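Fold and geometry: a report
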Amino acid sequence: MANPHLRFSPARPYPTPRRSLLPLSAMSSPSDTKSDDLPGSSLEIVGARRSLLSRFASLQCPYKAFPVLGWNRHAETIFAAFYRSLPVVKLRRECLRTKDDGAVALDWVSGDETELPFGSPVLILLPGLTGGSGDTYVRHMLLRARKKGWRVVVFNSRGCADSPVTTPQFYSASFTDDLCEVVSHVSTLYPKSKLYAVGWSLGANILVRYLGQESHNCVLSGAVSLCNPFNLPIADEDFHKGFNNVYDRALARGLCKIFKKHALLFEGIGGEYNIPMVANARSVRDFDEGLTRVTFGFNSADDYYYNSSSSLSIKDVSVPLLCIQAENDPIAPSRGIPREDIKENPNCLLIVTPEGGHLGWVAGDEAPFGCPWTDPVVMEFLEHLHNQGDEKTSTANYLSDELNENNRPSDSSVIVHIQQ
């Protein structure tokens with residue numbers, strides 16, 4: 001929990017949310033109760049949602065966790081991490097040099113550059129802490145989107161999935177510069193395509209912060225946040241309770257492994273860095289206190305967590321955003337979800353499942369070894385946004401053509417320009 005004696009920077013004031021970009025048919029009264037449009041549903045739904053969700057085939061059946069696994073959040077989380085199938089996908093890597101001389105790795109589906117139409121929608125995937133294109137949940141989402149004709153790229157943060165590290169800096173929950181550059185790069189490569197993004201866990205936190213930061217200039221046409229920790233002080237507090245220590249140590253080992261590969265970049269760095277603590281971190285907090293918070297200019301780990309929480313950004317989101325959380329998530333606590341801010345922002349929609357663990361959701365037609373229950377819902381949401389956008393574009397083009405046709409002079413017309 002945050003130290004009560006520390007002083008945090010006050011959150012910046014939020015502007016009035018922009019009007020909703022969700023379809024008008026979905027703009028029913030916000031609700032934080034179980035959906036009346038999904039009979040028998042055990043889902044908690046918050047935000048403008050009724051007409052939209054009732055159209056999704058994936059939500060016509062009640063959420064039902066896979067037998068045995070669903071009874072315990074840790075069992076579901078661990079099973080998904082170790083036993084979920086890993087789809088085989090051939091990837092093509094592109095290393096993108098950033099403005100500060102850093103580098104990130106973008107993994108594209110090999111062959112898509114020639115097999116897909118140039119204007120196909122593009123989906124950017126942001127894995128969780130230490131995650132990358134080799135993770136099962138990323139591969140399943142990638143494969144599903146690709147089968148729908150979408151171009152997909154995985155954004156591997158610095159050091160993740162063997163992404164190169166060229167400067168003494170990794171990434172953080174608050175650092176959105178790399179995502180800004182990735183989105184700009186992808187939009188330059190495919191200027192006729194609409195861009196969307198999906199983020200998991202820490203990747204979801206970064207994505208939502210980006211959406212809030214780019215509120216009035218966002219290039220993305222829609223996004224999905226999954227297992228977002230949202231309120232990092234609350235997540236950090238729970239991280240040190242009971243069985244959660246297992247996850248904490250496992251993630252710390254992953255961070256240490258990445259650091260040790262690039263330790264020479266930090267040789268003699270000085271300042272407030274605590275390199276011995278980082279190299280031998282027993283918890284994520286140790287790593288963040290010794291390295292992350294120093295790199296990104298925070299006074300302490302508590303300061304870093306408070307000011308990097310994506311719950312602060314929800315009010316600024318101005319593109320359609322679907323958030324899916326699990327009520328029993330051990331790493332992204334339900335009590336940290338900014339329900340009121342989501343309810344007040346007409347661009348945001350929240351679904352909370354009764355079970356699911358963290359990155360688990362072992363439920364649905366492909367359980368227990370197939371894709372998470374969330375994948376069909378995510379894809380239906382994205383396709384709905386994209387198809388709606390296409391309809392608007394077609395209508396606008398039609399009206400523009402009609403207007404031009406009506407204003408176009410006939411062949412027998414005589415146009416006289418009088419200069420005053």
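Residues numbered from 1 in each chain as written. Predicted model: local features only at pLDDT ≥ 70, side-chain atom pairs only at ≥ 80, totals over all residues. Heavy atoms only, no water.

All right, on to the confidence of the model for the chain then. Averaged over every residue, the pLDDT of the chain is 88; the share at 70 or more is 83%. Counted against residues more than four places away or in other chains, residues 1-19, with its pLDDT under 50, gives 30 contacts. Below a pLDDT of 50 lies the segment residues 394-420, which in the model reaches one contact outside its immediate sequence neighbourhood of four places, other chains included. (pLDDT = per-residue confidence, 0-100. Contact = heavy atoms within 4.5 Å.)

What follows covers the pairing of strand 6 (residues 195-200). Here strand 6 lies mainly inside the structure; six of its six residues are buried. Every second residue of strand 6 is oriented toward a common face, with Leu195, Ala197 and Gly199 on one face and Tyr196, Val198 and Trp200 on the other, all of them buried. The sheet contact formed by strand 6 and strand 7 (residues 222-226) spans five bridges and is parallel. Residue pairing across strands places Trp200 opposite Leu226, the latter belonging to strand 7. Each parallel crossover has a hand, and the one from strand 6 via helix 6 (residues 202-213) to strand 7 is right-handed. (Buried < 20%, exposed > 50% of the residue type's maximum accessible area, 1.4 Å probe, protein only. Helix = DSSP H or I, 4+ residues; strand = E, 2+ residues; numbered from the N terminus. Pairing = 2+ DSSP bridges. Right-handed = clockwise from strand over helix to strand, strands pointing away.)

With 63 residues, the main nonpolar core has Ile124, Phe170, Leu211, Leu220 and Leu321 as its most contacted residues. Of the residues forming this core, the biggest block, six residues, is contributed by helix 6. By size, the runner-up hydrophobic cluster in this structure holds 42 residues, among which are Leu53, Leu125, Leu322 and Leu382. (Core = buried A, V, L, I, M, F, W, Y, C linked by side-chain atoms within 4.5 Å.)

Right, let's get into the side chain of Ser225. Following the sequence through the fold, Ser225 ends up in strand 7. Residue Ser225 is classed as buried on the basis of its relative accessible area of 0%. A distance of 3.2 Å separates the side chain of Ser225 from the side chain of Asn228, its partner in a polar contact. With residues up to four places along the chain from it excluded, the contact list for Ser225 reads Gly199, Ala204, Val208, Phe230, Leu321, Leu322, Cys323, Ile324 and Gln325. (Polar contact = N/O pair within 3.5 Å; in protein donor to acceptor, adjacent residues only side chain to side chain.)

Another aspect to go through is a nonpolar patch on the surface. A contiguous nonpolar surface patch, about 410 Å² in accessible area, is contributed by Phe82, Tyr83 and Phe369. Within the secondary structure, Tyr83 sits in helix 2 (residues 73-83). Residue class for Tyr83 comes out exposed when judged on its relative accessible area of 52%. (Patch = residues over 30% accessible without salt bridge, like charges linked within 9 Å, V, L, I, M, F, W, Y side chains within 5 Å. Areas by Shrake-Rupley, 256 points an atom, 1.4 Å probe, with all protein chains shown as cover. Salt bridge = Lys/Arg side-chain N within 4 Å of Asp/Glu carboxyl O.)

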